[in-house]
Protein chains: 2
Amino acid sequence: MTMDTDSLAESLRTSIGVLIRRIRQRPAPGDPSWPEMTALSDLDRGGEQTAAELARHEQISPQSMGTIVTSLAHRGLIARLADPEDGRRMILSVTSAGAEVLASKRDARSTLIAAGLEREFSADELELLAQAAPLMDRLGQAL
Amino acid sequence: MTMDTDSLAESLRTSIGVLIRRIRQRPAPGDPSWPEMTALSDLDRGGEQTAAELARHEQISPQSMGTIVTSLAHRGLIARLADPEDGRRMILSVTSAGAEVLASKRDARSTLIAAGLEREFSADELELLAQAAPLMDRLGQAL
DNA sequence: TATTGTTATACTCTATAACTATA
DNA sequence: TATAGTTATAGAGTATAACAATA
């Protein structure tokens, strides 16, 4: 049985579109923006250390990531230290305040999704979604 | 085995974020925008007939959908006819030009995703994604 | 020459507000 | 009062351009 990738692509495109609009809707005022939370989370996972690396991972321009990183620093959620071995690089790290934000799940968007998942789906369906999530990650990186 | 919905939510949120950024990147100049293609596709599937209905389905404000619909009409991809039974409603329909755009897959974004799917995934993985797609639809509507 | 980062500007998508017309 | 649609304005998110400093 051959998979109709065109239909699947269209289906993914539309469902992702609706999801993104719902997710983007306002968190509590003063909370970090969505791209800020994503960058903070990326940084916390430890795979990336500089703004340029974060930009590559999130597939946005270095300039856009620069703006996000600056805002996170102003909020005191990350620290920037000059790399002693490379004068161009600024090593980023999550501050204790940043870790607190991550740990306290203060991100209203993820909470919204988690609540929807618990409300809407059976254990089998959640398992299916859990298997699909890494595939979507791969798809994003592969495009 | 209990599912960790918080982790799953976070995973979905980040992968969707990357996907959306890749997908949004420019189609051929002059092509309909992404929201325009989505609305056209919705209309073609026949479930919705007016701008307000499309807005509800896509979960955006009626005003935003109004802008999209106006642009589609200016492109000649849809027609607007006054509803003889309700003076407020404008019944939308896909024109032959609009059908052509849909049929010719002139939407570079879906083509991009389809190519990525074929390149990156096995038949089993595609099957998994195909099962997950409607769940993501449900999630979007449920949030 | 390539990379990191900064600043400035502009575009896309969507929201809210304010309004008219019809039900 | 509620709904469909329009127009105007504003905000978030990201892009491109231009630049300085370092490799």
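Some points on the nonpolar core
In terms of nonpolar packing, the biggest core is built from 52 residues, with B:Ala39, B:Leu40, B:Met65, B:Val69 and B:Ile78 touching the most fellow members. With residues up to four places along the chain from it excluded, the contact list for B:Met65 reads B:Ala39, B:Ala51, B:Leu54, B:Ala55, B:Glu58 and B:Ile60. Membership of the second largest hydrophobic core comes to 18 residues, among which are A:Leu54, A:Ala55, A:Met65 and A:Leu77.

Structural notes on the relation of the copies chain A and chain B
With an RMSD of 0.1 Å, chain A superimposes on chain B once it is rotated by 180° and translated 0.0 Å along the axis. Given the turn and translation reported, the copies of this chain are related as if by a two-fold rotation axis. Interface residue correspondence from chain A to chain B reaches 100%, placing this contact among same-surface, isologous pairings.

A word on unusual backbone geometry
All names here are of chain A. Phi is positive for Gln-59, close to 60°, though the residue is something other than glycine. In this structure, Gln-59 sits in the loop between helix H3 (51-58) and helix H4 (62-74). The partly exposed category is assigned to Gln-59, around which 15 C-beta atoms lie within 10 Å.

A few points about the interface of chain A and chain B
Counting from both sides, the interface comprises 54 residues of chain A and, opposite them, 54 residues of chain B. No other element matches the 18 residues that helix H1 (residues 5-24) of chain A contributes to the side of chain A that touches chain B. Considering only residue class, the side of chain A that touches chain B consists of 27 nonpolar, 12 polar and 15 charged.

Things to note about the protein's contact with DNA strand D
In the vicinity of DNA strand D lie 24 residues, with A:Ser33, A:Pro35, A:Ile60, A:Gln63 and A:Gly87 positioned nearest. The element that contributes the greatest number of residues to the surface near DNA strand D is helix H4 (residues 62-74) of chain B, accounting for six residues. Residue composition of the surface near DNA strand D, grouped by class: eight nonpolar, 11 polar and five charged.

Notes on H4(B)
Residue and element names in this part refer to chain B. The end-to-end C-alpha distance of H4, which contains 13 residues, comes to 18 Å, matching closely the 18 Å that a straight helix rising 1.5 Å per residue would cover. All of the buried residues in H4 are Met-65, Ile-68, Val-69 and Leu-72. The buried residues of H4 all sit within an arc of 100° when viewed along its axis, so they share a single face. Seen from the open side of H4, the exposed residues pointing more than 90 degrees away from its buried face are Gln-63 and His-74.

A word on the environment of A:Ile78
Residue and element names in this part refer to chain A. Relative to the helices and strands, Ile-78 is located in strand E1 (residues 78-82). For the pair Ile-78 and Met-65, spaced 13 residues apart in sequence, the C-alpha separation works out to 14 Å. Filtering out sequence-adjacent residues up to four positions away, Ile-78 remains in contact with Leu-40, Leu-43, Val-69, Leu-72, Ala-73, Leu-92, Ser-93, Val-94, Thr-95 and Gly-98.

Remarks on the domain arrangement of chain A
How big an interface is tends to be reported as the loss of accessible area on association of its parts. All names here are of chain A. Here the domain parsing of chain A yields domain 1 (30-106) and domain 2 (107-143). Computed from C-alpha atoms alone, the centre-to-centre distance between domain 1 and domain 2 is 24 Å. Counting residues at the interface gives five residues for domain 1, matched by five residues for domain 2. Of the residues belonging to the side of domain 1 that touches domain 2, the class tally is two nonpolar, no polar and three charged.

Notes on the packing of helix H6 (residues 108-120) of chain A against helix H7 (residues 123-142) of chain B
Where H6(A) meets H7(B), the closest approach of the two axes is 10 Å, and the angle between their N-to-C directions is 115°. Considering their axes alone, H6(A) and H7(B) lie roughly perpendicular with respect to each other. Relative to H7(B), the crossing made by H6(A) is right-handed. Counted together, A:Gly116, A:Leu117, A:Arg119 and A:Glu120 of H6(A) and B:Arg138, B:Leu139 and B:Ala142 of H7(B) form the full contact between these two elements. Its residues assigned to classes, the contact of H6(A) with H7(B) comprises three nonpolar, one polar and three charged.

Basis of the calculations
Residues numbered from 1 in each chain as written. Chains lettered and ligands numbered in written order. Predicted model: local features only at pLDDT ≥ 70, side-chain atom pairs only at ≥ 80, totals over all residues. Core = buried A, V, L, I, M, F, W, Y, C linked by C-beta atoms within 7 Å. Buried ≥ 20, exposed ≤ 12 C-beta atoms within 10 Å, placed from the backbone. Contact = placed C-beta atoms within 7 Å. Least-squares fit on C-alpha atoms with pLDDT ≥ 70 in both. Helix = DSSP H or I, 4+ residues; strand = E, 2+ residues; numbered from the N terminus. Nonpolar A, V, L, I, M, F, W, Y, C, P; charged D, E, K, R; others polar. Near = placed C-beta within 6 Å. Expected span 1.5 Å × (residues − 1). Arc of directions from axis to C-beta. Domains from an automatic or database assignment. Axes fitted to C-alpha atoms, helices over the stretch in contact; angles between N-to-C directions. Parallel < 35°, antiparallel > 145°, perpendicular 65-115°, else oblique. Left-handed = near helix turned anticlockwise from the far one by under 90°.

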